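Structural overview
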Amino acid sequence: MSVLDDHAKRAAVDPSGMLETVLGTARQIRDGWRLGSAARVPSLPRRPEHLVVCGMGGSAIGGDLLAGYLAPTLPIPVTVVRGYEVPAFVGPRSLVIAVSYSGSTEETLAAVAQAEHAGAPIFAITSGGQLAEAARRSGVVVPGGLPPRAALGYLLMPALAALEHLGLTGPHGREVDEAAGVLEEIAAEAGPGIAASRNPAKRLAEQLLGKIPAVYASSPWLAAAARRWKCQFNENSKTLATWDAFPELNHNETVGWGAPPALAGLVAVVVLLDGTEPARTLRRVQLTSDLAFHPAGGAHQVRARGAGRLARLLSLVLMGDLISIYLAYLRGIDPTPVEIIDAIKQRLQAGA
């Protein structure tokens, strides 16, 4: 029996329960929305001219997802800062959302200090650490004890609720409810109790075993989902992966599939589809598959679920999370530890 269908084997390879945590994403979405709706928000004398999200890794991806989801409605641009410095335009006319699950991420703390010095209002989301004081003034202190990448609902939803409270977007309550319901359906249909023969997440994990996943979003607004898949393969599955989005990849990466067949055959393509793509986009994806992806070690498509934009986006995120964990199981690897990340942080601190 495959490890994917054997409870004892799964438990042995995943002692920290990463899979169970991810299966509870719908509950996190609801809890994060509730916490954000009750949070203190900064006083803004005027509508901000730009939104800046500061974060790293699993704490930053929420900013990308937020930008993609809100692109048609948010009246100001979104910049996600992954590093120590904020752009020069950040100041009193900005709104800065600082996201660090631990509250101690040195890059984020440095960027936030710079933003505060420039006079930007701050909304902080954290479970503790040095950022918790700022969150108590304006922001949310969320439950702790999770790997940041497994706390997405707590890190994304308070930001969305704050933007609604500030009148910059929304209302989003119905879409949040729908998204949580869709995630519950996916958790039931692709969870560990469903055999691999009937489980789309397990089947795709089996097909990706031994390959380098190349995850391509069908459109720019889904790019954050593709990036999330790539990062989850890195951290959960402990494997290399890459990501890109149509139509941009047709202007560069497509040509890269002219690599030697032995090299291209090590890469498996996964295309993420929204389900509402215009005919021209679907034609573009099909042409690219026919003309460029034929040397790949497999080509697969994953379609979003749900009617609302948030449900469709998060349904793809959850499928990627589950597949990355199942792939870790197939490799006999605990999905939770990220030892190299921890070692780099420790050595940086030791040399500070």
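To be clear, the structure that these remarks concern was listed above.
Residues numbered from 1 in each chain as written. Predicted model: local features only at pLDDT ≥ 70, side-chain atom pairs only at ≥ 80, totals over all residues. Heavy atoms only, no water.

The helix and strand tally for the chain stands at 15 helices and nine strands. The C-alpha radius of gyration computed for the chain amounts to 20 Å, which stays within 12% of the reference 20 Å derived for 352 residues, consistent with globular compactness. Considered along the principal axes of its C-alpha atoms, the chain spans approximately 55 × 45 × 45 Å. By residue count, 54% of the 352 residues in the chain fall in the buried class. Considering only contacts within the chain whose residues lie at least 6 apart along the sequence, 80% involve residues at least 24 apart. By element, 54% of the accessible surface of the chain is carried by carbon and sulfur atoms, the whole surface being about 15200 Å². (Helix = DSSP H or I, 4+ residues; strand = E, 2+ residues; numbered from the N terminus. Rg over C-alpha atoms; globule rule 2.2 N^0.38 Å. Buried < 20%, exposed > 50% of the residue type's maximum accessible area, 1.4 Å probe, protein only. Contact = heavy atoms within 4.5 Å. Areas by Shrake-Rupley, 256 points an atom, 1.4 Å probe, with all protein chains shown as cover.)

All right, on to the environment of Tyr326 then. Structurally, the position occupied by Tyr326 is in helix H14 (residues 309-330). For the pair Tyr326 and Asn236, spaced 90 residues apart in the sequence, the C-alpha separation amounts to 9.1 Å. Polar contacts involving the side chain of Tyr326 include one to the main-chain carbonyl oxygen of Gly191, which spans 3.4 Å. (Polar contact = N/O pair within 3.5 Å; in protein donor to acceptor, adjacent residues only side chain to side chain.)

Moving on, we get to the side chain of Lys202. Position of Lys202 relative to the elements: it lies in helix H9 (residues 200-208). For Lys202, a relative accessible area of 0% translates into the label buried. Of the polar contacts made by the side chain of Lys202, one reaches the side chain of Asp5; its length is 2.7 Å. Here the side chain of Lys202 touches Ile194 through a polar contact of 2.8 Å, landing on its backbone oxygen. The contact partners of Lys202, leaving out residues within four places of it in the chain, are Leu4, Asp5, Arg10, Gly191, Pro192, Ile194, Ala195, Ala196 and Tyr326.

On to the environment of His294, then. Structurally, the position occupied by His294 is in the loop between helix H13 (279-291) and strand S9 (299-303). Exposure remark for His294: the relative accessible area of 59% places this residue in the exposed category. As for His294 and Leu327, which are separated by 33 residues in sequence, their C-alpha atoms are 23 Å apart.

Below, the discussion takes up the pairing of strand S3 (residues 94-100). For S3, the tally of buried residues reaches seven of seven residues, placing the bulk of the element in the interior. Burial of the side chains of S3 extends over both faces: Ser94, Val96, Ala98 and Ser100 are buried on one face and Leu95, Ile97 and Val99 on the other. Strand direction decides the pairing type here: strand S1 (residues 50-54) and S3, joined by five bridges, are parallel. Each bridged residue has a counterpart across the sheet, and for Cys54 the counterpart in S3 is Ala98. Strand direction decides the pairing type here: S3 and strand S4 (residues 122-126), joined by five bridges, are parallel. Counted as the bridge partner of Ala98 is Ala124 from S4. Where the polypeptide runs from S3 across helix H5 (residues 106-117) and back to S4, its parallel neighbour, the crossover connection is right-handed. (Pairing = 2+ DSSP bridges. Right-handed = clockwise from strand over helix to strand, strands pointing away.)

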